[in-house]
Amino acid sequence: METTKSHVVHGGTLRYLKHDSATTGTPMTLSVFVPAGEGPFPVLIWLSGLTCTEDNFTTKAGAYKAAAEQGVIIVAPDTSPRGEGVADDPAYDLGQGAGFYVDATQAPWAPHFRLETYVTDELIALIDAEFPTTKTRSIFGHSMGGHGALTLALRHPEMFTSVSAFAPISSPTRCAWGEKAFGAYLGEDRAEWAKHDAALLIEGGAAQDADGKGRFDDILVDQGDADPFLTDQLKPELLVAAAKAVGQRLTLRMQPGYDHSYFFMASFVDDHVAFHATRLKA
């Protein structure tokens, strides 16, 4: 991976990186914060929301003081492939900037939009090869990235110690953002959509181990009650109901007055870093 710029922050090192992805067939960009010391360190992967690049979380979330104190690497990849020859759409909620962390099966998206495989296969392998990691990791995200964090953790539970989300798209098959993206990327078979819907995955047993117990000791979700997308797009109550039905502990914290912005995330990101650090170190 090529380092495009580097900064010292809270005693650690923040690097912006670029590499040619075999998965997407495009250059991909990301940021990586490594705390001071030799390590090895556990890894926390952040997935951003619609329209974002790796830079939104990196510059706005204010997570690196907590990461330095907890001794955790934070990785923040871009939200989609980009560049010449990569399919796009004029709308903000489809195409470049809106990868939805799925592997597209439909034209014109399938050649490059393979974000699930990129994160769970290529990105994790690169981070473990290039940085002093313990090869243990957790995942969190916001909005579209909250959907991605939940579904990737549920679909690949062996890879992640814990999962949390800010204002996630809880059930993409039951909201306009998800229906539009899934119809484009995955086709018209709604059974394929259900494989990438966090609430439906939990209902179907993805949050339970072989003994019928919850795979995660808790799933932390923060949601602002002044979020303009709360009722129509996010629907956290569907996550709560699904978790309750199968005995998976899920903590939904409704935060009074908070909206959908990075001001909301910056207010509670320390809690999420500590939530994951405790579990990663255990």
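Residues numbered from 1 in each chain as written. Predicted model: local features only at pLDDT ≥ 70, side-chain atom pairs only at ≥ 80, totals over all residues. Heavy atoms only, no water.

Enquirer: Would you mind going over the nonpolar core with me for this structure?
Expert: One recurring pattern in soluble globular proteins: nonpolar side chains tend to sit buried together. Counting 89 residues, the largest nonpolar core has Val-32, Phe-57, Val-75, Phe-100, Ile-139 and Tyr-185 as the members making the most contacts within it. Ignoring any residue separated from it by four or fewer positions in sequence, one finds Phe-57 in contact with Trp-46, Ser-48, Ala-63, Tyr-64, Ile-74, Ala-76, Phe-140, Tyr-262 and Val-269. (Core = buried A, V, L, I, M, F, W, Y, C linked by side-chain atoms within 4.5 Å. Buried < 20%, exposed > 50% of the residue type's maximum accessible area, 1.4 Å probe, protein only. Contact = heavy atoms within 4.5 Å.)

Enquirer: Please clarify how the side chain of Gln-233 should be interpreted in this entry.
Expert: Looking at where Gln-233 falls in the secondary structure, it is placed in helix α8 (residues 230-234). Since its relative accessible area comes to 12%, Gln-233 is described here as buried. There is a polar contact of 3.3 Å between the side chain of Gln-233 and the backbone nitrogen of Ala-176. Non-local contacts of Gln-233, meaning those with residues more than four positions away in its chain, are made with Ile-169, Cys-175, Ala-176 and Trp-177. (Helix = DSSP H or I, 4+ residues; strand = E, 2+ residues; numbered from the N terminus. Polar contact = N/O pair within 3.5 Å; in protein donor to acceptor, adjacent residues only side chain to side chain.)

Enquirer: Before we go on, may I ask you to explain the pattern of salt bridges in this structure?
Expert: It is possible for side chains bearing opposite charge to pair when their charged atoms get close. Inspection of the entire model under this criterion finds 11 salt bridges. Note that Arg-279 and Asp-217 form a salt bridge whose closest N and O atoms lie 2.9 Å from each other. Of this pair, Arg-279 sits in helix α10 (residues 262-281) while Asp-217 is found in the loop between α7 (198-203) and β8 (219-224), placing the two residues 62 residues apart along the sequence. Overall, Arg-279 belongs to the partly exposed group, its relative accessible area being 21%. Judged by its relative accessible area of 48%, Asp-217 falls in the partly exposed class. Close ionic contact of Arg-253 with Asp-222 constitutes a salt bridge, the shortest N to O distance being 2.8 Å. (Salt bridge = Lys/Arg side-chain N within 4 Å of Asp/Glu carboxyl O.)

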